[in-house]
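# Inside the fold
Below are the chains, spelled out letter by letter.
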Amino acid sequence: MLSARSARLAVFASGNGSNFEALASAASRGELGGSIVALLSDQPQAFALERARRHGIEALTPPTGRFRTRLEDETPWIDALRERAVDAVLLAGFMRRIHSPILGAFAGRILNLHPSLLPSFPGLDAIGQAWRHGARVTGCTVHVVEDGLDTGPIVAQAAVDVRDDDTLETLGARVHAAEHALYPAAVRRWLTEPWHVDGRRLVFGATEASHG
Ligand code: GAR
């Protein structure tokens with residue numbers, strides 16, 4: 001459990017934002033366990049920004065600097081979160097690595113969604129990686145963000161069978177559908193139920209050491 005009161009959430013997204021849409025729709029139905037107070041994007045053309053405006057959620061594009069795979073200066077991003085009293089950050093198709101200033105300011109309070117069953121197929125094009133590898137089962141993972149590539153304690157996973165007649169497109173569509181169901185449910189559980197971390201394992205259930 002992250003906090004006793006309803007959590008204030010920010011979502012980071014770089015592109016289409018279909019997972020942002022799933023989160024925002026769940027929030028508007030009161031099913032996310034918190035409210036989304038801002039959508040932050042590193043891409044001014046991202047459709048996710050338009051989705052946010054349609055939901056009446058503030059859409060922001062803080063500066064990114066000169067680099068492609070990370071934010072050159074994370075300070076304006078942290079400032080935007082602090083100004084809005086954000087409790088937790090949800091990465092939803094955010095295509096840059098997060099580093100120590102944000103990780104330090106929001107330690108243990110950032111979740112990521114990844115389109116494979118981690119630790120298989122971290123990094124870019126995870127659905128294509130699983131497809132080309134010939135995996136029989138793939139899926140999606142929600143995990144706490146640490147300073148590693150798609151590492152961090154796992155909150156939830158969903159498996160997706162790879163069918164013999166699948167194409168990359170049909171497989172991708174089923175992984176995305178699984179993501180749209182998994183991420184809001186995982187966020188709600190993480191925000192509203194007691195949990196603790198035991199080694200690498202995030203375990204739901206009350207103990208003296210539980211957050212919340
Ligand atoms: C999702 O499949 C998400 O898992 C993936 O990007 C897609 C974003 O789609 N994220 C990563 O690969 C992060 N490593 P969306 O913009 O429609 O939500």
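Our structure's up above, just so we're on the same page.
What comes next concerns the included structure. Since we're looking at a predicted model, the values are computed, not measured.

## With respect to the environment of Glu179
Looking at where Glu179 falls in the secondary structure, it is placed in helix α6 (residues 168-192). Overall, the relative accessible area of 4% leaves Glu179 in the buried class. In the structure, Glu179 is positioned 160 residues away from Asn19 in sequence and 7.2 Å away in space, judged by C-alpha atoms.

## Examining the pairing of strand β4 (residues 88-91)
Side-chain positions along a regular strand alternate between the two faces of the sheet. Judged by which residues are buried, β4 turns out to be covered on both faces: Ala88 and Leu90 on one side and Val89 and Leu91 on the other are all buried. Summarising the sheet, strand β1 (residues 7-12) and β4 pair through four bridges and their orientation is parallel. Opposite Ala10, over in β4, you have Val89 as the bridge partner. Pairing geometry for β4 and strand β5 (residues 110-114), over three bridges, is parallel. Paired with Leu91 across the bridge in β5 is Asn112. For the crossover that starts at β4, traverses helix α4 (residues 100-105) and ends in the parallel β5, the hand is right-handed.

Calculation notes
Residues numbered from 1 in each chain as written. Predicted model: local features only at pLDDT ≥ 70, side-chain atom pairs only at ≥ 80, totals over all residues. Heavy atoms only, no water. Helix = DSSP H or I, 4+ residues; strand = E, 2+ residues; numbered from the N terminus. Buried < 20%, exposed > 50% of the residue type's maximum accessible area, 1.4 Å probe, protein only. Pairing = 2+ DSSP bridges. Right-handed = clockwise from strand over helix to strand, strands pointing away.

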